[in-house]
Amino acid sequence: MNILAIESSCDETAAAVVVDGRIVRSNVVASQSELHASTGGVVPEVAARAHLRMLVPVIRQALNNAECTWSDLDAIAGTSGPGLPGALLIGFNAARGLAFARDLPFIPVDHIEGHVRANWLGDEEPPLPALALVVSGGHTELILIDENGFFERLGGTRDDAAGEAFDKVARLLDLGYPGGPVVSQLAAESTDRSFRLPRAWLTGTDDFSFSGLKTAVLHTVQDDGAPPPAEIAWAFEDSVADVLSKKAVRVAEREGVTSLLVAGGVAANSRIRELIIERSSVPVFIPPPELCTDNAAMIGAAAGVHLDQAVRP
Ligand code: KG4
Ligand code: ZN
């Protein structure tokens, strides 16, 4: 079953060919991060126009890399949401239009489920029940996946998403966009790691909050006796990693799951990966960094388990 998957929910134009929701035949991502660097964040209208320019070449490249012709395809999938409405519409309607033209089944896919399903693209299939921690630019969610693969959201951020906090802190430290990789790089250069920033535990809930931490960074930066930027970056990254890993591990233990899955752009962060692996008592699954950030292979992986939801446009 060859599925062509298309993703355009934010600032990556992506297409992939995935076999049976498990094997990646091709995975092409055109990132717009350079385009959005000058504004320090994604301007929705600019993102939508870039998707329009990039989508056809990206799809063509995905088919070429997979050595696939149109007649080799069995279904087409597209991200239905959540995301920027203008950006989503470009990829979703292209995917649906292609399915219509080729008389193929069309599978709409939830972006968050896509992130989680990237964990099914490795050699080993995660055992269920599982707890998934989805940490991206737009989301910070804890999702319980039962034995049958049904998703139940247990909690999430009450304000900023983890990735959003990285992006805002990068702006406060004048580091550019996207913030995650640059903040992390700077943090790695820190030598004195004694400076600490607060943690919001929201005890008794499965929720998160990162806006207070962001404000603490702002106050630190404005302070005359502020530590060097690398130490601030380290303290920020350590606070996020500490809270995410401790809460995820605690909920996994409480729910008695057999694996802990991490997904989303922030899962590319090595400190977060390290702490979760160190603290978890059940096996941890984290996709390789290129399958953590937005891509279409993960959409193909989720489509592979939702063939029953396919429609003929
Ligand atoms: O999953 P993703 O590509 O897009 C959304 O669905 O939002 O995640 C993008 C987010 C951005 O906020 C980016 O700063 C963050 O993931 N990110 C990272 C790292 N790489 C990307 N955050 C922390 N450390 C990283 N290495
Ligand atoms: Zn995403």
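Note that the coordinates shown come from a computational prediction; the quantities given were computed from them, not determined experimentally.

Visitor: What exactly am I supposed to notice about the site of ligand 1 here?
Guide: Taken together, 19 residues are adjacent to ligand 1, and Gly 137, Asp 167, Gly 180, Gly 265 and Asp 294 come closest. A distance of 3.1 Å separates an oxygen atom of ligand 1 from a polar backbone atom of Gly 163. Taking Asp 167, its side chain carries an N or O atom lying 2.7 Å from an oxygen atom of ligand 1. Starting from 550 Å² of accessible surface for ligand 1 in isolation, the protein chains cover 89%.

Visitor: How do you make sense of the sheet that holds strand E3 (residues 23-31) when you look at a structure like this?
Guide: Within a sheet, each strand pairs with its neighbour through backbone hydrogen bonds, oriented either parallel or antiparallel. A sheet is described by the order of its strands in space; here 5 strands give the open sequence E3-E2-E1-E4-E5, paired in mixed fashion. At either margin of the open sheet sits one strand with a lone partner, and together these are E3 and strand E5 (106-110). Across the sheet, the mean angle separating the axes of adjacent strands is 20° when strand polarity is ignored. Here strand E1 (residues 2-7) runs beside strand E2 (residues 12-19); their pairing, made up of 6 bridges, is antiparallel. Bridged to Ile 6 within E2 is Ala 15. Across the sheet, helix H11 (residues 297-304) touches E1, E2, E3, strand E4 (75-81) and E5, and the angle it forms with E1 is around 130°.

Visitor: I tried to follow the coordination of the zinc ion (ligand 2) on my own but got confused; where do I start?
Guide: Put simply, a metal with four donors set out as a tetrahedron has ideal angles of 109.5 degrees, and one with six donors set out as an octahedron has ideal angles of 90 or 180 degrees. All of the protein donors around the zinc ion (ligand 2) are His 111 (NE2), His 115 (NE2) and Asp 294 (OD); their distances to the metal are 2.0 to 2.1 Å. Taken together, the 4 donor atoms surrounding the zinc ion (ligand 2) define angles of 96 to 137° at the centre, an arrangement classified as irregular. The sequence pattern describing where the donors of the zinc ion (ligand 2) fall on their chain is H-x3-H-x178-D. You can see His 111 and its partner His 115 sitting in helix H4 (residues 111-117), 4 residues apart, about one turn around the helix. Across the pair, His 115 and His 111 agree in class, each one buried.

Visitor: Is there a simple way to explain helix H6 (residues 179-188) in this structure?
Guide: Because the α-helix completes a turn every 3.6 residues, residues three or four places apart line up on one side. Among the residues making up H6, those that are buried are Gly 179, Val 183, Ser 184, Leu 186 and Ala 187. Along the axis of H6, the buried positions cluster into a sector of 165°, meaning they face one direction only. Looking at H6, the residues exposed on the side facing more than 90 degrees away from the buried face are Pro 181, Gln 185 and Ala 188.

Visitor: Help me out: how do you make sense of the packing of aromatic side chains in this one?
Guide: If you walk through the whole model with that rule in mind, you get 3 aromatic pairs. Considering the side-chain rings of Phe 166 and Phe 236, the 4.9 Å spacing of their centres and the 80° angle between planes classify their relative orientation as edge-to-face. One end of the pair, Phe 166, is in helix H5 (residues 162-172); the other, Phe 236, is in helix H8 (residues 229-255), with 70 residues separating them in the sequence. Take Phe 166 and Phe 236: they sit in the same class, and that class is buried. With a centroid separation of 6.2 Å and an interplanar angle of 10°, the aromatic rings of Phe 208 and Phe 210 are classed as stacked. Just as Phe 208 is buried, Phe 210 falls in that class too. Its guanidinium or amino end placed over the ring of Trp 120, Arg 117 lies 4.2 Å from that ring's centre, counting from NZ or CZ. The lysine or arginine in question, Lys 247, covers the ring of Phe 208, its NZ or CZ lying 5.6 Å from the ring centre.

Visitor: Looking at this structure, I do not really get the sheet that holds strand E10 (residues 284-285). What am I missing?
Guide: Pairing within the open sheet is mixed, and its 5 strands lie in the order E8-E7-E6-E9-E10. Each end of this open sheet is capped by a strand with a single partner; those strands are strand E8 (151-156) and E10. Pairing of strand E6 (residues 130-135) with strand E7 (residues 140-145), which is carried by 6 bridges, proceeds in the antiparallel orientation. If you follow Leu 131 over to E7, its bridge partner there is Leu 144.

Parameters at a glance
Residues numbered from 1 in each chain as written. Chains lettered and ligands numbered in written order. Predicted model: local features only at pLDDT ≥ 70, side-chain atom pairs only at ≥ 80, totals over all residues. Heavy atoms only, no water. Near = heavy atom within 4 Å. Polar contact = N/O pair within 3.5 Å; in protein donor to acceptor, adjacent residues only side chain to side chain. Areas by Shrake-Rupley, 256 points an atom, 1.4 Å probe, with all protein chains shown as cover. Pairing = 2+ DSSP bridges. Helix = DSSP H or I, 4+ residues; strand = E, 2+ residues; numbered from the N terminus. Axes fitted to C-alpha atoms, helices over the stretch in contact; angles between N-to-C directions. Contact = heavy atoms within 4.5 Å. Donors = N, O, S within 2.8 Å, 3.2 Å for Na, K, Ca; no water. Tetrahedral: all angles 85-135°; square planar, octahedral: opposite > 155°, others 65-115°. Buried < 20%, exposed > 50% of the residue type's maximum accessible area, 1.4 Å probe, protein only. Arc of directions from axis to C-beta. Phe/Tyr/Trp six-rings, centres within 6.5 Å; stacked < 30°, edge-to-face > 60°. Lys NZ or Arg CZ within 6 Å of the ring centre and 35° of its normal.

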